[in-house]
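Architecture and fold: a report
The lines below spell out each chain.
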Amino acid sequence: LYEQDGVLYLTLSTLTGVQEGRPTAEPIGFVLAGDRLVSVRYANPKPVAAFIAHAVHEQALVRDGLTALIGLIDAIVDRLADELENAGAEMENISQGIFAKEIDERRIPAAQLTAMLTRVGRAQSLVARIRETTVSTIRLLSFLNGSAPLHRPEGKGHRNHLGSLQTDCSALLDHASYLGDNLTFLLDAALGLISVEQNAAMKLFSWAA
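What counts as what
- Residues numbered from 1 in each chain as written.
- Predicted model: local features only at pLDDT ≥ 70, side-chain atom pairs only at ≥ 80, totals over all residues.
- Heavy atoms only, no water.
- Core = buried A, V, L, I, M, F, W, Y, C linked by side-chain atoms within 4.5 Å.
- Buried < 20%, exposed > 50% of the residue type's maximum accessible area, 1.4 Å probe, protein only.
- Helix = DSSP H or I, 4+ residues; strand = E, 2+ residues; numbered from the N terminus.
- Contact = heavy atoms within 4.5 Å.
- Phe/Tyr/Trp six-rings, centres within 6.5 Å; stacked < 30°, edge-to-face > 60°.
- Axes fitted to C-alpha atoms, helices over the stretch in contact; angles between N-to-C directions.
- Parallel < 35°, antiparallel > 145°, perpendicular 65-115°, else oblique.
- Left-handed = near helix turned anticlockwise from the far one by under 90°.
- Polar contact = N/O pair within 3.5 Å; in protein donor to acceptor, adjacent residues only side chain to side chain.

1. Some remarks on the nonpolar core
Counting 45 residues, the largest nonpolar core has Ile-73, Ile-98 and Leu-144 as the members making the most contacts within it. Counting residues per element, this core draws most heavily on helix α2 (residues 65–98), which supplies 14 residues. Leave out the neighbours within four places in its chain, and Ile-73 touches Thr-137, Leu-140, Leu-141, Leu-144 and Leu-165.

The following block contains the structure:
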């Protein structure tokens, strides 16, 4: 993140690969020079593709480089919120399996316990990548908010938009931290179920001996 000769150079770690089941944070570069915006990317995250498709029909979104940049960041933040919501729903499903109301329903076969641990691990990976993208976005927004283009008279509307995005990102970061703590709790609970099953099996072996 730096400014040189009136040109802004920005890098953002962006969540991608969720639909393929391999969530990662790929860097995207932005160069903002006057009214022109150039993106340098070797991945095509879903929010970027969605924004481009939207801009084809609503060209006001890309009337200048700064507007396009903020619109792209807004789309990325919206996508992060959606993925956090999906991660929360997945965790709720895992929780219902671990803390079933009836005791007999908690006696989960080994194969299902293995699958449950895999689901916990994949959810943790997704939340970690979301946190990484959110932290990177907060850094970019802070830098952009202090840059020269945002302090021109016509930049007031953009400053308000950036302030709203910063608030959203802070809320997402807090929620991601909460989900991360909850995942740790679910992992401990799943391991506890495995210990209970192992102890029950050992009691049978001891009785047989």
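2. A word on the side chain of Ser-136
Examined against the element boundaries, Ser-136 turns out to sit in helix α3 (residues 110–145). Classification of Ser-136 as buried rests on a relative accessible area of 10%.

3. Things to note about the packing of aromatic side chains
Inspection of every chain in the model, using the stated rule, returns one aromatic pair. Judged by centre distance (4.8 Å) and plane angle (15°), the rings of Tyr-2 and Tyr-9 are stacked. Residue classification places Tyr-2 among the partly exposed positions, given a relative accessible area of 41%. Under the relative-accessibility criterion, Tyr-9 is labelled partly exposed at 27%.

4. Let's talk about the packing of helix α1 (residues 46–57) against α2
One can describe the packing of α1 onto α2 by two numbers: an axis separation of 8 Å at closest approach and a directional angle of 130°. Classified by the interaxial angle, the pair formed by α1 and α2 is oblique. Between α1 and α2 lies a crossing whose hand is right-handed. For the pair α1 and α2, contact is made by Lys-46, Pro-47, Val-48 and Phe-51 and by Ala-68, Gly-71, Leu-72, Ala-75, Ile-76 and Arg-79, respectively.

5. Description of unusual backbone geometry
Of note, Asp-5 is a non-glycine position whose phi angle comes to about 55°, a positive value. Here Asp-5 falls in the exposed class, since its relative accessible area comes to 77%.

6. Some words on the environment of Thr-137
Looking at where Thr-137 falls in the secondary structure, it is placed in helix α3. Here the alpha-carbon distance between Thr-137 and Thr-11, two residues 126 residues apart in the chain, equals 9.2 Å. Beyond its immediate stretch of four places on either side in the chain, Thr-137 contacts Leu-12, Ile-73, Val-77 and Cys-169. Side-chain polar atoms of Thr-137 contact the backbone oxygen of Thr-133, separated by 2.7 Å.

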